[in-house]
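Architecture at a glance
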Amino acid sequence: MSLPVKAHLMDSEGIRRAITRIAHEIVEKNQGVEELVFVGIRRRGVPLAQRLREKIADIEGLQIPLGALDITLYRDDLTTLHVQPLIHKTEVPFSIDGKIVVLVDDVLYTGRTVRAALDALMDIGRPQAIQLAVLIDRGHRELPIRADFVGKNVPTAKKENISVRLQEIDGDDVVSIQEISF
């Protein structure tokens, strides 16, 4: 079921500009990229991490390792999701020990997805640091988590939803806000 669109927040050009800005901020904050690895949270965090990786390769001329993280089994609401949740593959084909992990997701909301991702990463290895990059920060945190790199801050009401559509998964690039009717 698709919710009615209240407003479009970003088009493909807006998403491209946000990715470019975040890529530059990542390079600047880390004074280069030699110790960095990217890990995208499935689903839409993975193509965003890929886009950041490509942009940084254009800027710095280095290819940063890229992984994909499935957090399904780490969620605190797993029992309320489905009787049999759909598990995707975690693919982190490199060591994160001693590395700076840039964790990438599409929307930061309550912080629970990021908490689950942090637990999953710690089961993989012991990074030097973990930084969070998100396309949209919509507020309403339930946990003390904040993003290091944000494409756009969008204050929302709890009765609103942020929809991120990406070319790689959905066939187009658009971020919109939708009204949830109770």
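Everything quoted here is computed from the prediction, not taken from an experiment.

Parameters at a glance
Every residue gets a number counted from 1 within its own chain, in the order that chain's sequence is written. Totals for whole chains, interfaces and linings use all residues, but because this is a predicted model, local features are given only for residues with pLDDT of at least 70 and pairs of side-chain atoms are given and counted only at 80 or more. Side-chain descriptors were evaluated using all non-hydrogen atoms of the structure, hydrogens and water having been removed beforehand. To obtain each axis, a line is fitted to C-alpha atoms, and for helices this fit is confined to the stretch in contact; angles are then taken between N-to-C directions over 0 to 180 degrees. In this text, helices come from DSSP runs of H or I with a minimum length of four residues, and strands from runs of E with a minimum of two, each type numbered from the N-terminal end. Under this scheme an angle from 65 to 115 degrees is roughly perpendicular, one under 35 degrees roughly parallel, and one over 145 degrees roughly antiparallel; angles in between are oblique. Here a crossing is called left-handed whenever its near helix is offset anticlockwise from the far helix by less than a right angle, and right-handed whenever the offset is clockwise. Every residue pair with non-hydrogen atoms within 4.5 Å of one another is taken to be in contact. DSSP bridges decide pairing: two strands pair if at least two such bridges lie between them. Under the scheme applied here, a residue whose accessible area is under 20% of the maximum for its type counts as buried, over 50% as exposed, and between as partly exposed, the area being computed with a 1.4 Å probe on protein chains only. For the purposes of this section, nonpolar cores are sets of buried Ala, Val, Leu, Ile, Met, Phe, Trp, Tyr and Cys residues that join through side-chain atoms within 4.5 Å.

On to the packing of helix 1 (residues 12-29) against helix 2 (residues 45-60). To describe two helices that pack against each other, one gives the angle between their axes and the distance between the axes. Interhelical geometry of helix 1 versus helix 2 gives an angle of 60 degrees and a closest axis separation of 9 Å. As the angle between them shows, helix 1 and helix 2 are arranged oblique. Every pair of crossing elements has a handedness; the one defined by helix 1 and helix 2 is right-handed. In this structure, helix 1 contributes I15, I19, T20, I22, A23, H24, I26 and V27 to the contact, and helix 2 contributes L48, R51, L52, K55, I56, I59 and E60.

Bringing the sheet that holds strand 1 (residues 5-10) into the picture now. Read across the sheet, three strands follow the order 1-8-7 without closing on themselves; strand pairing throughout is antiparallel. Whereas interior strands pair on both sides, the edge strands pair on one side only; in this sheet they are strand 1 and strand 7 (160-165). Strand-to-strand twist in this sheet, taken as the mean axis angle between neighbours without regard to direction, amounts to 25 degrees. Relative to strand 8 (residues 174-179), strand 7 runs antiparallel, the two sharing six bridges. When the bridges of strand 8 are listed, R165 appears paired with V174. In the packing of helix 1 onto the sheet, the strands contacted are strand 1, strand 7 and strand 8, and the crossing angle to strand 1 comes to about 45 degrees.

Before going further, it helps to spend a moment on the pairing of strand 8. Extensive coverage of strand 8 is indicated by the burial of five of its six residues. Bridge count between strand 1 and strand 8: four bridges; the pairing is antiparallel. Each residue of the ladder has a partner; that of H8, found in strand 8, is S176.

Let us now look at the nonpolar core. Core analysis: the largest hydrophobic core is formed by 30 residues, its most contacted members being I26, F38, L52, L135 and I136. Sorting the residues of this core by element identifies helix 1, strand 2 (36-41), helix 2, strand 4 (100-108), strand 5 (129-137), strand 7 and strand 8 as the ones contributing at least two each. The greatest single-element share of this core, amounting to seven residues, is contributed by helix 1. In this structure, I136 is in contact with M10, D106, V107, L108, K152, V154, I162, V164 and V175, ignoring residues within four places of it in sequence. The next biggest cluster of nonpolar side chains, apart from the first, holds 21 residues, and it includes V37, L103, L121 and L132.

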